[in-house]
Amino acid sequence: MIKKVYVTNGSAQNGKDSFSEFLKRYISVYKYSSIDLVKEMFETIGINKDNKTEKKRKLWSDTKDMLTQYDDIPFKDILSIVEDFKNNKIETKVLLIDIREPEEIARAVETFGAETILIRNPNVRKIESNHADANVENYEYDYIIENDGTLEQLNKVAKMFCYDIIYGEHISKKYKPFVLRCSNY
């Protein structure tokens, strides 16, 4: 039975959520973010998680850093999600975890056996207001999805990723990173 963990990353508005939604058309997916716990905390005091401003992004990033320094709370939260996934309490074949920080990505790869995906869009302005968003590209990813085309092309890339990489696993690791360019589909 296929049970795969992927760490996904990319600046805001680069297509992570769209890629996830398209991937769900072809395989069962559960998506979680390393910042979800922090966002939920702020929701309880009335700070809405939907209107993502740079000010909020910095608040979330700084709070996540403090919770990490205090007792590694965000990583423990992710660990519980991965354990639920691996123990079939989350009944999907793929777990996508959004993580921004390169050191946390490396830790997730080592701890969970995750593979990594960077999704980037050359038409979207990079966010520099916090270190988490500013350092998105500072990691050597297994797969890079160049979201330089239409939504229909991104859907085709998600379908190809599902059948050729998740199910097929015939892409050689010697091609790291393996780049999928939407404009080619």
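Note that the structure is predicted; figures quoted are calculated from it, not measured. (Residues numbered from 1 in each chain as written. Predicted model: local features only at pLDDT ≥ 70, side-chain atom pairs only at ≥ 80, totals over all residues. Heavy atoms only, no water.)

Some remarks on the packing of aromatic side chains
Moving on, step 1. Summed over all chains, the structure comprises 7 aromatic pairs.
Moving on, step 2. Ring centres of Tyr6 and Phe161 lie 5.5 Å apart, and the angle between their planes is 65 degrees; on these two criteria the pair is classed as edge-to-face. One end of the pair, Tyr6, is in strand E1 (residues 4–9); the other, Phe161, is in helix H7 (residues 151–167), and 155 residues separate them in sequence. Exposure class is identical for Tyr6 and Phe161. Each is buried.
Moving on, step 3. Ring centres of Tyr26 and Tyr163 lie 6.0 Å apart, and the angle between their planes is 70 degrees; on these two criteria the pair is classed as edge-to-face. With Tyr26 in the loop between helix H1 (16–23) and strand E2 (29–33) and Tyr163 in helix H7, the pair connects residues that are 137 residues apart, well separated along the chain.
Moving on, step 4. Taken together, Tyr6, Phe19, Tyr143 and Phe161 form an aromatic cluster joined through their ring pairs.
Moving on, step 5. Over the ring of Phe85 we find Lys3, and its NZ or CZ is 4.0 Å from the ring centre.
Moving on, step 6. The cationic tip of Arg107 hangs over the ring face of Phe75; the distance from NZ or CZ to the ring centre is 3.7 Å. (Phe/Tyr/Trp six-rings, centres within 6.5 Å; stacked < 30°, edge-to-face > 60°. Helix = DSSP H or I, 4+ residues; strand = E, 2+ residues; numbered from the N terminus. Buried < 20%, exposed > 50% of the residue type's maximum accessible area, 1.4 Å probe, protein only. Lys NZ or Arg CZ within 6 Å of the ring centre and 35° of its normal.)

So, helix H5 (residues 102–112)
Moving on, step 1. Turning to H5, its buried residues number three or more, namely Pro102, Glu104, Ile105, Ala108 and Phe112. Down the axis of H5, the buried side of the element spans an arc of 160 degrees, and every buried residue falls inside it. More than 90 degrees from the buried face of H5, the exposed residues found are Glu103 and Glu110.
Moving on, step 2. Taken from the residues just after H5, Gly113 is the one with a positive phi, measuring 70 degrees. (Arc of directions from axis to C-beta.)

Focus: the packing of helix H3 (residues 54–71) against helix H4 (residues 73–86)
Moving on, step 1. Put simply, H3 and H4 touch, their axes get as near as 6 Å, and they point 85 degrees apart. Relative to H4, H3 is oriented roughly perpendicular. Residues Lys64, Leu67, Thr68, Tyr70 and Asp71 of H3 lie in contact with H4, whose contacting residues are Ile73, Pro74 and Lys76.
Moving on, step 2. Residue classes in the contact of H3 with H4 are distributed as 4 nonpolar, 1 polar and 3 charged. (Axes fitted to C-alpha atoms, helices over the stretch in contact; angles between N-to-C directions. Parallel < 35°, antiparallel > 145°, perpendicular 65-115°, else oblique. Contact = heavy atoms within 4.5 Å. Nonpolar A, V, L, I, M, F, W, Y, C, P; charged D, E, K, R; others polar.)

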